[in-house]
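# Remarks on the overall topology
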Amino acid sequence: MKQEKLFLLIVLAFYCYSPLKAQDEIENYQIGRGSQAIFQAMQENFSSLRKNKILKEDMEAFERHLEKNIGEDFFVRCHVIDSNITYKIVVDGRNSDYDHKRFNDFKGFLKSTLEHHPVKGNLDFFLQFGTDNPTLDWWGKNVNKLLELLDKVPLLLYDRSDLNPVRQKTITIPDPYIYDPWYESTRNEILKKRKKIPYESRTGIIKWRGAPTGKPVNFEDLNKSPRLCLVNLSIHHPDKIDAKLTSYDHFKYWQTADKFKEYFQTQCGDPVSSLPEHVLYLQNKYYISIDGWIAAWGRVPHILNSGSVLLLQHRHSQFFYPGMKPWVHYVPLKEDISDLLEKYDWLQKNPDSARKIAQNGQIFADECLSPAAMRGFFGAVLQELSLHYLYDVKDNL
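Residues numbered from 1 in each chain as written. Predicted model: local features only at pLDDT ≥ 70, side-chain atom pairs only at ≥ 80, totals over all residues. Heavy atoms only, no water.

The next point concerns the confidence of the model for the chain. Across the chain, pLDDT averages 85, with 88% of residues at or above 70. Confidence, expressed as mean pLDDT per element, reaches its minimum in the chain at helix 2 (residues 22–28) with 42 and its maximum at helix 14 (residues 340–349) with 97. Low pLDDT, under 50, characterises residues 9–29; the predicted model gives this stretch 36 contacts beyond four residues in sequence or across chains. (pLDDT = per-residue confidence, 0-100. Helix = DSSP H or I, 4+ residues; strand = E, 2+ residues; numbered from the N terminus. Contact = heavy atoms within 4.5 Å.)

Below you can see the structure in the form of structure tokens.
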């Protein structure tokens, strides 16, 4: 509880922040600055709702749009009335156990947040739990009307992307992966073990394990998939990169599936078992996170928690990304990771700077990515949301 109050005090002071010059950041990162930047970004998420306010008729129009146009996803409408929570499933096109588990995890997170941070006011909002599709036509025929509604309707999602105007108009909240009890237990194991495995004793090779998720490509265009490009680089530069796939099953959805499976089977052998995170992220000095279809949910927090260097390629941003700065908390990569070997060589030639980036990332994770800090952030989101209704939410049920 103390940590949550500290987080809220920090974010409320964000107006006092005066940024340092970029070259000073790596040496002068201070506790509190990450929280301030995260809170400021959250406030910017609300700019349209703050201007237009939330009307009952717009909420109803958005619900009708979802029911009419969205088939393959999972949307929920949530009401919080005097701390009592009710849900209405608006779209359940896939009837997926995975979607429902994420929904149940959210219920627990919302309940816990409201217990620690009661909201002064009632709430009415939408959430999306299904898999993101980056194309606008997925959202239905009348996209312009949808974009207009999203200036006046709160839709809570787990990441944002400049690739999709719809997702630019949403409110970003923590993902179920990082408020699942599994995250907290894994984080605790990482914190316990990172003191026993100092940074200097870890292997100076970039490590990655994961599935080939993301937009399918033809075999001839293998390197257009950043995750497959990474594994391919590992095949040719095993002294610098240790990247392996944990599954070949995803290839069954791709047109040249047999060629992919044959190539990686020949070059890498069978898919590897994914080690527990508290073991995996304490072996090497350098770890890489690459987006799949959407953000790599748990990977970034675990790398930061471990005290290793994060190399980050991303097109999608989670709620805490605004609090991180390139070359301060992580080493940035181009979208096609064509600069990966160059960045690796820089880390090897600048061990003191590499260690400082790892330390800054660890400080940031301790400050902003604990379960308590995430409840503090979500509590601030809910409190801000409660200020913008022009109808009595209680009468809407």
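That shown, we press on.
The next subject is unusual backbone geometry. Peptide bonds are trans in most cases, and residues, glycine excluded, mostly fall at negative phi. The phi dihedral of Trp327 is positive, around 70°, even though this residue is not glycine. Looking at the element boundaries, Trp327 is found in the loop between strand 11 (316–317) and strand 12 (331–332). Take Trp327: its relative accessible area is 32%, and that puts it in the partly exposed class. (Buried < 20%, exposed > 50% of the residue type's maximum accessible area, 1.4 Å probe, protein only.)

Below, the discussion takes up the pattern of salt bridges. Tallied over the full model, the rule gives 22 salt bridges. In this structure, Glu148 and Lys152 form a salt bridge, with 3.8 Å as the shortest nitrogen-oxygen distance. For Glu148, a relative accessible area of 40% gives the class partly exposed. Salt-bridge contacts for Asp159 lead to Arg167; the nearest nitrogen and oxygen are separated by 2.3 Å. Residue class for Asp159 comes out buried when judged on its relative accessible area of 0%. Three or more residues are tied together by salt bridges with common partners; here these are Glu60, Glu63, Arg77, Lys88 and Asp124. (Salt bridge = Lys/Arg side-chain N within 4 Å of Asp/Glu carboxyl O.)

This part covers the environment of Val393. Residue position: Val393 is located in the segment after helix 16 (371–385). Classification of Val393 as buried rests on a relative accessible area of 3%. Along the backbone, Val393 and Leu55 are 338 residues apart, and their C-alpha atoms lie at a distance of 9.9 Å. Ignoring any residue separated from it by four or fewer positions in sequence, one finds Val393 in contact with His79, Ile81, Asn122, Leu123 and Asp124.

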